[in-house]
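Below, each chain spelled out in residue letters.
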Amino acid sequence: MDVKTLQRNLTLAGRPATVDGVMGAQTMTALLKALYGRSAPVGRLEALGPALANQLRTAGMWTPLRLQHFLAQAAHETTGFLDMEERGGPSYFAKYDGRADLGNIRPGDGARYHGRGIFQLTGRANYRSMGRTLGLPLEENPVLAADPVVSVRIAVAYWLARNINAKADADDLDGVTRKINGGLNGLADRRDRLAAIRKLWGAA
């Protein structure tokens, strides 16, 4: 899909209260490639596109504001979908060992349950909880969280559990960021990524 066709589809999608049929898997994939094709593997974007289109629609997150905020946060957390796992080695991940708030109760839990996926799921307790929610063995097999399709399922479940739609509907970037991050870390980059999405979308 060329950029002009993409922009036409996104512009049409941005006009109604909800995104219509032109914002399907093909358009979502084209949007990801246009924005992040230079930073992320094409195969990953091709896997993420249909997963995002299908799961966001099913979850009722199929409005321009919700889509734009979700993508901006995911793009920040993954450095433009380049990093599906938190960067670092055993010595770095050791900072998570013994973190009761993350449920890391065993030696090596910091490395085993480091951040993965488009929202960087972190900590044994969170892997266990999300695994139960989705019916997946994430605690037993944490690398599953880095799979593109699984990571979208995790991110959508996280978003819905924290009612982030309300913040997105209000176009409250600070509020969305606090729900995702717990603070305002990387706010400038998140704002820039949101602006880039909207510039391409034609809804700046």
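Structural notes, computed from the coordinates.

What counts as what
- Residues numbered from 1 in each chain as written.
- Predicted model: local features only at pLDDT ≥ 70, side-chain atom pairs only at ≥ 80, totals over all residues.
- Heavy atoms only, no water.
- Helix = DSSP H or I, 4+ residues; strand = E, 2+ residues; numbered from the N terminus.
- Buried < 20%, exposed > 50% of the residue type's maximum accessible area, 1.4 Å probe, protein only.
- Axes fitted to C-alpha atoms, helices over the stretch in contact; angles between N-to-C directions.
- Parallel < 35°, antiparallel > 145°, perpendicular 65-115°, else oblique.
- Left-handed = near helix turned anticlockwise from the far one by under 90°.
- Contact = heavy atoms within 4.5 Å.
- Nonpolar A, V, L, I, M, F, W, Y, C, P; charged D, E, K, R; others polar.
- Polar contact = N/O pair within 3.5 Å; in protein donor to acceptor, adjacent residues only side chain to side chain.
- Salt bridge = Lys/Arg side-chain N within 4 Å of Asp/Glu carboxyl O.

1. Description of unusual backbone geometry
- Positioned with a positive phi, Thr79 is a non-glycine residue whose angle comes to about 55°.
- You can see Thr79 is positioned in the loop between helix 4 (64-77) and helix 5 (90-93).
- One non-glycine residue, Asp171, lies in positive phi territory at about 55°.
- Inspection of the secondary structure puts Asp171 in the loop between helix 9 (164-169) and helix 10 (173-181).
- With relative accessibility at 38%, the residue Asp171 sits in the partly exposed group.

2. Overview of the packing of helix 10 against helix 11 (residues 187-201)
- At a minimum axis distance of 11 Å, the contact between helix 10 and helix 11 shows a crossing angle of 120°. In terms of orientation, helix 10 lies oblique with respect to helix 11. At the point where helix 10 passes helix 11, the crossing takes the right-handed sense. Two secondary-structure elements touch here, helix 10 through Leu173, Asp174, Thr177, Ile180 and Asn181 and helix 11 through Leu187, Arg190, Arg191 and Leu194.
- Here the residues of the contact of helix 10 with helix 11 are counted per class, giving four nonpolar, two polar and three charged.

3. Examining the side chain of Arg198
- Within the element layout of this structure, Arg198 appears in helix 11.
- Only 2.8 Å separates the side chain of Arg198 from the side chain of Gln68, close enough to count as a polar contact.

4. Notes on the pattern of salt bridges
- All told, the structure shown has eleven salt bridges when counted by the stated rule.
- Between Asp169 and Arg66 there is a salt bridge, with the nearest N and O atoms lying 2.7 Å from each other. Of this pair, Asp169 sits in helix 9 while Arg66 sits in helix 4, placing them 103 residues apart in sequence.
- One salt bridge in this structure joins Glu139 and Arg128, with 3.1 Å as the shortest N-O distance.

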